[in-house]
Structures are given as structure tokens and as C-alpha cells.
Amino acid sequence: QVQLVESGGGLVQTGGSLKLSCTASGRTFSSYKMGWFRQAPGKERELAAQVLRSGTTYADSVKGRFTISRDNAKNTVYLEMNNLKPDDTAVYYCAAAPTTGSPYNSWGQGTQVTVAS
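Residues numbered from 1 in each chain as written. Predicted model: local features only at pLDDT ≥ 70, side-chain atom pairs only at ≥ 80, totals over all residues. Heavy atoms only, no water.

*Asks:* Looking at this structure, I do not really get the overall build of the protein. What am I missing?
*Replies:* Scanning the protein for helices and strands turns up zero helices and eleven strands. Its C-alpha atoms give the protein a radius of gyration of 13 Å, near enough to 13 Å, the size a compact globule of 117 residues would have. In terms of overall dimensions, the protein has a C-alpha envelope of 40 × 25 × 25 Å along the principal axes. Taking all 117 residues of the protein together, 45% fall into the buried category. Taking as baseline every contact in the protein between residues at least 6 positions apart, the subset at least 24 positions apart corresponds to 56%. (Helix = DSSP H or I, 4+ residues; strand = E, 2+ residues; numbered from the N terminus. Rg over C-alpha atoms; globule rule 2.2 N^0.38 Å. Buried < 20%, exposed > 50% of the residue type's maximum accessible area, 1.4 Å probe, protein only. Contact = heavy atoms within 4.5 Å.)

*Asks:* Help me understand the state of the cysteines, please; the structure alone is not making it clear to me.
*Replies:* Disulfide: a covalent bond connecting the sulfur atoms of a pair of cysteines. Enumeration according to the criterion identifies one disulfide in this entry. Bridging Cys 22 to Cys 94, the disulfide has an S-S length of 2.1 Å. On the sign convention where negative is left-handed, the bridge of Cys 22 and Cys 94, at about -80° about the S-S bond, is left-handed. Remark: Cys 94 occurs in strand β9 (residues 90–97) and Cys 22 occurs in strand β3 (residues 18–24); sequence separation between them is 72 residues. Both residues of the pair, Cys 22 and Cys 94, count as buried. (Disulfide = S-S within 2.5 Å.)

*Asks:* It is not clear to me how unusual backbone geometry should be interpreted in this structure. Could you clarify?
*Replies:* With a phi angle near 55°, Asn 75 is a residue other than glycine that sits in the positive phi range. The backbone of Asn 83 sits at a positive phi, close to 50°, despite the residue not being glycine. Topologically, Asn 83 is positioned in the loop between β8 (76–81) and β9. What makes Asn 83 partly exposed here is its relative accessible area of 43%.

*Asks:* Explain the pattern of salt bridges to me, please; I cannot follow it from the model alone.
*Replies:* Two side chains that carry opposite charge are able to pair once their charged atoms sit near each other. This structure, assessed with the given rule, holds four salt bridges. Between Glu 46 and Arg 38 there is a salt bridge; the shortest N-O distance is 2.6 Å. For Glu 46, a relative accessible area of 30% puts it in the partly exposed group. The exposure class of Arg 38 is buried, given its relative accessible area of 6%. (Salt bridge = Lys/Arg side-chain N within 4 Å of Asp/Glu carboxyl O.)

*Asks:* Looking at this structure, how should I read the pairing of strand β4 (residues 33–39)?
*Replies:* Walk down a regular strand and you will see the side chains alternate between the two sheet faces. Of all the seven residues making up β4, six are buried; the element is thus mostly covered by neighbouring parts of the structure. As paired elements, β4 and β9 share seven bridges and run antiparallel to each other. Considered in β9, the bridge of Trp 36 is made with Cys 94. Here β4 folds back onto strand β5 (residues 46–51), and the loop between the two strands holds six residues, one of which, Gly 42, carries a positive phi near 75°. (Pairing = 2+ DSSP bridges.)

*Asks:* Which parts of the structure should I look at to understand the packing of aromatic side chains?
*Replies:* For any two aromatic rings, the description comes down to two numbers: the centre-to-centre distance and the angle of the planes. Counted by the stated rule, this structure contains three aromatic pairs. Taking 5.1 Å as the distance between ring centres and 85° as the angle between the ring planes, the aromatic pair formed by Phe 37 and Tyr 104 counts as edge-to-face. Remark: Tyr 104 occurs in the loop between β9 and β10 (106–107) and Phe 37 occurs in strand β4; sequence separation between them is 67 residues. With respect to class, Phe 37 is no different from Tyr 104; both count as buried. Three or more aromatic residues joined by ring pairs make a cluster, and in this case those are Phe 37, Tyr 104 and Trp 107. In this structure, Arg 45 packs its charged tip against the face of Tyr 93, placed 4.0 Å from the ring centre. Over the ring of Trp 107 we find Arg 45; its NZ or CZ atom is 4.7 Å from the centre of that ring. (Phe/Tyr/Trp six-rings, centres within 6.5 Å; stacked < 30°, edge-to-face > 60°. Lys NZ or Arg CZ within 6 Å of the ring centre and 35° of its normal.)

This is the structure we're talking about:
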């Protein structure tokens, strides 16, 4: 497992943008599958975006608005969120898995994103 620390959440108006960052400990970051999950009040946690060796995947609800990227030299994964909507309000969690086929087994503490209407 790796330790993950998120930053970048906050309050933004509808249509605004935020960029989340997640920095990981460990020397094998580049081989990890990295994802951003989110959990809104009263809802189940959902996978918003992930970056694999083969590319990226996005939930339909964020496709075209969110971009996940990673900088292996900085052990950091980012989630750039544009055209934010009130429905994007949630706690966002960074997660890591050692291989593409592994379940996510390392989690950050979460960062709150609130989109005001």
C-alpha cells in the first residue's frame, strides 16, 4: 500500500473549475493504477476517473469535463475539473492499486468539493 494525500478542494460557482492533486509515497508510483472516486451525501462512492497503463477512463457524468493526469516524477495524480455543476458536489478520494487488475487498496483522506448554484 501507499500513502495518499489530496489537496485542492473547495467552494466554486457553477461553471467554475478546480484542480485536485494527490501525492503518493513510495518508489513504485509509476506502476500503480490511480483513480479519483467521489461520494455525495446519501449516495454510494463512485469512480469518477482513473488512469491505467493503457489509458484513462471516465464516468459518463464527468466525461468531457474532467481530465485525469499523472506526473510520475512527482508521484502525483491530478484531476482537473471544468464546467462544474452542483451535482459534482462530493468528497473526492484519491485511490491506488498496484496493478491494473487489482482492486483499489490505498485511499486518501478525501477533499471536499462544493459547487454552488
